[in-house]
Amino acid sequence: MTPAPRLPDFTKLSVAVLGDPIADHWLFAQPTRLSREAPVMVLRHEREELGAGGAANVARNLRALGAQVSVFGLVGRDAHGRELSILLEKEGIDVAGLATVPGWTTPTKTRVLAAEARRSPHQVLRIDREPREAAPVAERDRVHAAVREALEDFDALVISDYGYGIVSPETALLAEAFRRANRVAVLDPRANVELFRGALTALTPNIGELARFTHVDVSKLDDVTELRKAARSLVERLEPQWLLVTRGNLGMALFGPGDADGIAVEASGDGEVTDVTGAGDTAAAVFALALAARCDPAQAMVLANAAAGVVVMENGAAVCSPNELASALAEAPVAVRLARTERRA
Ligand SMILES: Nc1ncnc2c1ncn2[C@@H]1O[C@H](COP(=O)(O)OP(=O)(O)OP(=O)(O)O)[C@@H](O)[C@H]1O
Ligand SMILES: [Mg+2]
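Note that the structure is predicted; figures quoted are calculated from it, not measured. (Residues numbered from 1 in each chain as written. Chains lettered and ligands numbered in written order. Predicted model: local features only at pLDDT ≥ 70, side-chain atom pairs only at ≥ 80, totals over all residues. Heavy atoms only, no water.)

J.: Please clarify how the overall build of the chain should be interpreted in this entry.
T.: On a plain count of helices and strands, the chain comes out with 9 helices and 14 strands. With respect to the principal axes defined by its C-alpha atoms, the chain has extents near 65 × 50 × 40 Å. Among the 345 residues that make up the chain, the fraction classed as buried is 55%. Within the chain, contacts between residues at least 6 apart in sequence are counted, and of these 70% link residues at least 24 apart. When the accessible surface of the chain is split by element, carbon and sulfur atoms take 48% of a total near 16,000 Å². A gap of 2 Å separates the mean positions of the 38 positive and 46 negative side-chain charges of the chain. (Helix = DSSP H or I, 4+ residues; strand = E, 2+ residues; numbered from the N terminus. Buried < 20%, exposed > 50% of the residue type's maximum accessible area, 1.4 Å probe, protein only. Contact = heavy atoms within 4.5 Å. Areas by Shrake-Rupley, 256 points an atom, 1.4 Å probe, with all protein chains shown as cover. Lys, Arg positive; Asp, Glu negative; His and termini not counted. Charge placed at Lys NZ, Arg CZ, Asp CG, Glu CD.)

Here it is, written out as structure tokens:
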């Protein structure tokens, strides 16, 4: 068991986020009556909000903890792409590496939230807008070249793959360059993990991704022995320095060279979960930042877990401030040997 970590100073660290930015578009409306046209509810539009999802959420989470952040990726030449870029820039994130692609669609998730007076809103519908074509190779390569050019300026690279096409063999070469330069390269994966063999400081799949990458039924991975087996096989195959598995309400488990049996931390917080959207982004961001601050990896996991426990208490993809993280840490679970953990209700 390791004692609770202190909060490092993140303000001197500079992080590059390379990935797929997503626009979280929220539509708030009030239910009025049943439609006569179809068996559906008629809602009255009240307001709209745009939030940062995917790689953009990773960037916001890093920035909220005080780091210097540059985001690299592609957006469409459309309203959501523009708004996303403005939103990030307003928070002090460098968006020069965000390329605008004409004719491409900014990946957008529109969630319709219905709320009656004095009730909390609930989601009634989600509409996804996705690019019809893969990201154009020339743009993708330019984005990678920009990260490579500025490599010396960054302490860490966080790759946030949401499957919209920024990740390519060049991404793995970049990660490798970071790792070789004794900097931090973390991948929050979706697919394409084989590209990253030997290139990563850390890989941060959730339990479903770990199941997919190791061809194991996800329901088996609640069992610690199965989890350990799957984690070891993935570590052997991809050779990251560290494998951080996020386990939803079971917390996290970490596997690495000295810890093939795994160490774990229970989920943090009082169990009052509002919205788990983006918790994985927070986890990857904070784990990478803590490694860049040269925290012990077990402590980095405890920090990431405490921060994720903060954001799940808020609506939408949220961020955690240094103050919130410091107070969460005071009560946060510490790292222990991976053993049977109880699933929370
Ligand atoms: N219900 C919960 N209660 C407490 N903590 C939670 C809960 N769900 C998630 N977390 C915290 O958030 C971390 C990441 O969550 P999870 O494993 O669901 O990631 P994910 O599936 O990648 O999320 P994302 O939706 O961002 O992709 C967990 O390891 C845990 O620390
Ligand atoms: Mg995730």
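After presenting the structure, the write-up continues.
J.: I'm lost on the site of ligand 1 in this one. Help?
T.: In the region of ligand 1, 18 residues are neighbours, and N206, T246, G251, G280 and N305 sit closest. In this structure, T246 approaches ligand 1 through a side-chain N or O atom, which is 2.8 Å from an oxygen atom. Separating an oxygen atom of ligand 1 from a backbone N or O atom of G248 is a distance of 3.0 Å. If ligand 1 stood free it would expose 630 Å²; the protein chains cover 83% of that surface. At the level of secondary structure, the elements contributing two or more residues to the shell around ligand 1 comprise α7 (279-292) and α8 (297-311). When residues in the shell around ligand 1 are grouped by element, the largest group, 3 residues, is from α7. For the shell around ligand 1, the class distribution of residues is 8 nonpolar, 8 polar and 2 charged. (Near = heavy atom within 4 Å. Polar contact = N/O pair within 3.5 Å; in protein donor to acceptor, adjacent residues only side chain to side chain. Nonpolar A, V, L, I, M, F, W, Y, C, P; charged D, E, K, R; others polar.)

J.: Sorry if this is basic, but what is going on with unusual backbone geometry here?
T.: Excluding glycine, residues mostly have negative phi values, and the peptide bonds linking residues are mostly trans. In this structure, E239 takes a positive phi of about 50 degrees despite not being glycine. With respect to the helices and strands, E239 occurs in the loop between α6 (224-238) and β11 (242-246). Positive phi, close to 65 degrees, is recorded for R294, a residue that is not glycine. You can see R294 is positioned in the loop between α7 and α8. Note on R294: relative accessible area 53%, which makes it exposed.

J.: So what exactly am I meant to see when it comes to α6 here?
T.: Spacing of three or four residues puts side chains on the same side of an α-helix, whose turn is 3.6 residues. For α6, which comprises 15 residues, the first-to-last C-alpha distance of 21 Å matches the rise-based estimate of 21 Å (1.5 Å per residue) to within 8%. Among all positions in α6, only V224, L227, R228, A230, A231, L234 and L238 are buried. One face of α6 carries all of its buried residues, which in axial projection span an arc of 170 degrees. Turned more than 90 degrees away from the buried face of α6, the exposed residues are T225, K229 and E236. Where the residues of α6 are buried, they touch β10 (202-203), α5 (207-214), β11, β12 (252-256) and β13 (259-265). With a side-chain oxygen positioned 3.2 Å from the backbone nitrogen of T225, the residue opening α6 is D223. (Expected span 1.5 Å × (residues − 1). Arc of directions from axis to C-beta.)

J.: Looking at this structure, I do not really get the packing of α8 against helix α9 (residues 322-331). What am I missing?
T.: In a packed pair of helices, the relevant descriptors are the angle between the two axes and the axis-to-axis distance. It is at 9 Å that the axes of α8 and α9 come closest, and there the two elements cross at 110 degrees. In terms of orientation, α8 lies roughly perpendicular with respect to α9. Counted together, V302, L303, A306, A307 and V310 of α8 and E324, L325, A328 and L329 of α9 form the full contact between these two elements. By residue class, the composition of the contact of α8 with α9 is 8 nonpolar, no polar and 1 charged. (Axes fitted to C-alpha atoms, helices over the stretch in contact; angles between N-to-C directions. Parallel < 35°, antiparallel > 145°, perpendicular 65-115°, else oblique.)

J.: How should the packing of α5 against α6 be read in this particular structure?
T.: Orientation of α5 relative to α6, taken along the N-to-C sense of each, is 65 degrees, at an axis distance of 10 Å. Regarding α5 and α6, the two cross each other, and that crossing is left-handed. From α5, I207, L210, F213 and T214 reach across to α6, where they touch L227, A230, A231, S233, L234 and R237. A per-class count over the contact of α5 with α6 returns 7 nonpolar, 2 polar and 1 charged. (Left-handed = near helix turned anticlockwise from the far one by under 90°.)

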